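Single-letter residue listing:
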Amino acid sequence: MKGNSYLPRKIHSLLGVIPLGLFIVEHALTNYSAYEGGKEGFSDSIDLLNSLPLVLWMEIFLIWLPILFHGVYGLYIAYQSNINTGRFSYGRNWAFTAQRITGVITFIFIAWHFYETRLQVALGNVSHEELGQHMNSIVSDPLAFTAYIIGVLAATFHFANGLWAFLVSWGITVGPRAQKVSSNICMVIFVIIAALFLLSLFAFRGDEFASAAATALSSVSVG
Ligand code: HEM
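Reading the values: rules and limits
Residues numbered from 1 in each chain as written. Predicted model: local features only at pLDDT ≥ 70, side-chain atom pairs only at ≥ 80, totals over all residues. Helix = DSSP H or I, 4+ residues; strand = E, 2+ residues; numbered from the N terminus. Buried ≥ 20, exposed ≤ 12 C-beta atoms within 10 Å, placed from the backbone. Expected span 1.5 Å × (residues − 1). Core = buried A, V, L, I, M, F, W, Y, C linked by C-beta atoms within 7 Å. Contact = placed C-beta atoms within 7 Å. Near = placed C-beta within 6 Å. Nonpolar A, V, L, I, M, F, W, Y, C, P; charged D, E, K, R; others polar. Axes fitted to C-alpha atoms, helices over the stretch in contact; angles between N-to-C directions. Parallel < 35°, antiparallel > 145°, perpendicular 65-115°, else oblique. Left-handed = near helix turned anticlockwise from the far one by under 90°.

K.L.:
If you had to explain the overall build of the protein chain to someone new, which residues and values would you point to?
P.N.:
The secondary structure content of the protein chain amounts to nine helices and zero strands. Starting at the N terminus and walking to the C terminus, you meet the elements of the protein chain as α-α-α-α-α-α-α-α-α. For the protein chain, buried positions account for 22% of its 223 residues.

K.L.:
Which residues make up helix 7 (residues 142-169), and what are the values?
P.N.:
For helix 7, which comprises 28 residues, the first-to-last C-alpha distance of 40 Å matches the rise-based estimate of 40 Å (1.5 Å per residue) to within 8%. After helix 7 finishes, the residue G171 shows a positive phi value of roughly 70°.

K.L.:
Break down the nonpolar core for me, citing the residues and quoting the values.
P.N.:
Ranked by internal contacts, the top residues of the largest apolar core, which has 28 residues, are I24, A28, A34, F197 and F204. Elements with a contribution of two residues or more to this core: helix 2 (20-50), helix 6 (131-139), helix 7 and helix 8 (176-205). Among the elements that line this core, the one with the most residues is helix 7, at eight residues. Aside from chain neighbours lying at most four places away, what touches A34 is G41, F42, G132, S200, A203 and F204.

K.L.:
Residue-level account of the site of the ligand, with values.
P.N.:
The local shell around the ligand holds 28 residues, among which G16, G71, G74, G103 and G162 are the closest. Of all the secondary-structure elements, those providing two or more residues to the shell around the ligand are helix 1 (6-17), helix 2, helix 3 (55-80), helix 4 (90-116) and helix 7. No other element matches the eight residues that helix 7 contributes to the shell around the ligand. When grouped by side-chain class, the residues that make up the shell around the ligand number 15 nonpolar, 12 polar and one charged.

K.L.:
With reference to specific residues and values, describe the packing of helix 7 against helix 8.
P.N.:
At their nearest, the axes of helix 7 and helix 8 sit 9 Å apart, and the two run at 160° to each other. When the axis of helix 7 is compared with that of helix 8, the two are roughly antiparallel. Regarding helix 7 and helix 8, the two cross each other, and that crossing is right-handed. Classifying every residue of the contact of helix 7 with helix 8 by side-chain character gives 20 nonpolar, five polar and one charged.

So this is what it looks like as structure tokens:
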């Protein structure tokens with residue numbers, strides 16, 4: 001690590017867990033309400049989020065700016081680092097490389113996802129009430145659906161594997177036994193968050209989220 005990069009590296013590392021780690025959990029749960037509660041459950045979750053005081057400021061300071069810093073600085077770290085340095089055991093070397101590759105995929109995915117969803121809401125092209133239907137029209141396209149699956153798996157793996165690295169780099173898990181236990185816990189976290197996202201993607205594809213016109217059309221063609 002270069003001498004003058006200590007502080008930005010620490011800020012980058014901290015932002016990955018707080019607030020971004022908390023955000024990915026919140027986002028997975030909000031989306032999962034589409035699977036558990038259908039159209040109504042999802043719109044209740046969206047309403048709840050939008051009823052929070054200072055919601056736009058929270059988005060700016062707890063989500064957008066941290067992602068921008070962590071993402072751009074992360075690209076710089078990934079670009080600078082020597083993949084396969086042989087500094088670690090095979091397993092850790094693999095995880096080190098995977099952290100960088102999933103970081104790049106996550107960056108591209110978040111930029112695209114932000115453009116398609118949050119930006120369209122900000123521009124007034126999609127209302128909060130139409131978000132479920134909007135997601136339905138996006139993921140009904142098999143190519144976009146596949147891209148979403150890859151994107152959420154990459155982002156979730158990046159978070160869980162990053163949490164493992166965070167616990168080591170902040171001196172929380174020190175010995176090999178602690179690191180082994182935390183590795184198992186982080187992989188369970190990966191599986192749970194990934195399952196929440198995948199179930200919600202399948203829910204958004206369902207008929208319930210299709211627009212009224214599209215549903216009418218499909219029932220005509222079935223009938
Ligand atoms: C936007 C695109 C992103 C890029 C390009 C990126 C890149 C990176 C890179 C290269 C590292 C490794 C740093 C190191 O080993 O020193 C890293 C670590 C990490 N990232 Fe990201 N990341 C992105 C988004 C995210 C998001 C959305 C989250 C949260 C869910 C996140 C959570 C983490 C965590 C927890 C770490 C581990 C920190 C540590 O090693 O102490 N990242 N990221």
